[in-house]
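In case you want the letters, here they are:
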Amino acid sequence: MSLPEESGPVGNLPDVAPQLRALRRRASLTLEAAARSAGLSPAHLSRLETAQRQPSLPMLLGLARIYGTTVSELLGETVADRDAIVRAADMEPTAAGGWSYWQAGASGRGMQVLRVHVPHGAQGDIVRVHPGEEWLYVLKGRLRLRLGDTAHVLAPGDSAHFDSLTPHRLAADGHDGTDLLFVHTLLQSPTAGLCIGPTTGVTP
């Protein structure tokens, strides 16, 4: 499956383009090989690396797995001495692909911990398939979660824990959006596969 390309230059993200290029080269991947693993065209990945396109949060998660790194490193963020405590005042929101998220854990760990706001209609047609595990907990609003062929609606206090190789899709079930705690494992392998693309029959 191929990932729908997004328009517009990077605006809400830090200057992630140089990091994308540097980390790809550190993983010894050509532009073509990295793009193929991420389900992107080489031209689209090139536009991400030259700041002509804005990567979505699913793209950042996928590229981090492929390059054996974290979203924090892709964004050029560091946490001194990998402090075990992350204070609310130190959590800076980042926007990607319509989602807003806050790093809720230290960088460089085997798990990535995020607090995420999913607006209504944002990335709702994107299906994700990749190695690893995911756990999420609904803080506010209602979440539509599709796992394989089964659809679920989660209310505040509900959680889900699943193998990320199960095709999955997340969307807010309400115009006010959904707030989540989100944890995913990071596979430290530059060859970890990822497939992100539109659901069959759904127009991006």
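Note that the structure is predicted; figures quoted are calculated from it, not measured.

Tallying each qualifying case throughout the model produces one aromatic pair. Its end group placed over the ring of W102, R115 keeps NZ or CZ at 4.2 Å from the ring centre.

Within helix 1 (residues 17–26), burial applies to A17, L20, L23 and R24. Across the axial projection of helix 1, the buried residues extend over an arc of 135°, all falling on one side. Next to the buried residues of helix 1 lie helix 2 (31–38), helix 3 (42–49), helix 4 (57–66) and helix 5 (71–74). Of the residues one or two after helix 1, S28 is the one with positive phi, at around 60°.

The next point concerns the sheet that holds strand 5 (residues 133–140). Read from one edge to the other, the open sheet built from six strands follows the order 1-2-3-10-5-8, with strand pairing classed as antiparallel. Strands at the two margins of the open sheet, each flanked by one partner only, are strand 1 (94–96) and strand 8 (159–163). For this sheet the average axis-to-axis angle between neighbouring strands, irrespective of direction, equals 25°. Where helix 4 meets the sheet, it contacts strand 1, strand 2 (99–103), strand 3 (111–118), strand 5 and strand 10 (178–185), and its direction lies at approximately 10° from that of strand 10.

Let us now look at the environment of V127. Relative to the assigned elements, V127 resides in strand 4 (residues 126–129). As for V127 and G148, which are separated by 21 residues in sequence, their C-alpha atoms are 9.6 Å apart.

For the rest of this paragraph, the subject is the pattern of salt bridges. Taken as a whole and judged by the stated rule, the model has four salt bridges. For E49, the salt bridge identified is with R21, shortest N-O distance 4.0 Å. With E49 in helix 3 and R21 in helix 1, this residue pair connects regions lying 28 residues apart in the sequence. Overall, E49 belongs to the buried group, its relative accessible area being 5%. Note that D173 and R142 form a salt bridge whose closest N and O atoms lie 3.5 Å from each other. Note that D173 is positioned in the loop between strand 9 (168–172) and strand 10 and R142 in the loop between strand 5 and strand 6 (143–147), a separation of 31 residues in sequence.

Attention now moves to the nonpolar core. Within the largest apolar cluster, 41 residues are counted, with the highest numbers of intra-cluster contacts made by L45, Y67, L74 and Y101. Residue contributions to this core peak at seven residues, all from helix 4.

In terms of strand pairing, strand 5 meets strand 8 through five bridges, oriented antiparallel. Within the sheet, the bridge partner assigned to E133 lies in strand 8 and is D163.

Okay, unusual backbone geometry next. Here S28, not a glycine, exhibits a phi torsion of approximately 60°, which is positive. Mapped onto the elements of the fold, S28 is located in the loop between helix 1 and helix 2.

What counts and what doesn't
Residues numbered from 1 in each chain as written. Predicted model: local features only at pLDDT ≥ 70, side-chain atom pairs only at ≥ 80, totals over all residues. Heavy atoms only, no water. Phe/Tyr/Trp six-rings, centres within 6.5 Å; stacked < 30°, edge-to-face > 60°. Lys NZ or Arg CZ within 6 Å of the ring centre and 35° of its normal. Buried < 20%, exposed > 50% of the residue type's maximum accessible area, 1.4 Å probe, protein only. Helix = DSSP H or I, 4+ residues; strand = E, 2+ residues; numbered from the N terminus. Arc of directions from axis to C-beta. Contact = heavy atoms within 4.5 Å. Pairing = 2+ DSSP bridges. Axes fitted to C-alpha atoms, helices over the stretch in contact; angles between N-to-C directions. Salt bridge = Lys/Arg side-chain N within 4 Å of Asp/Glu carboxyl O. Core = buried A, V, L, I, M, F, W, Y, C linked by side-chain atoms within 4.5 Å.

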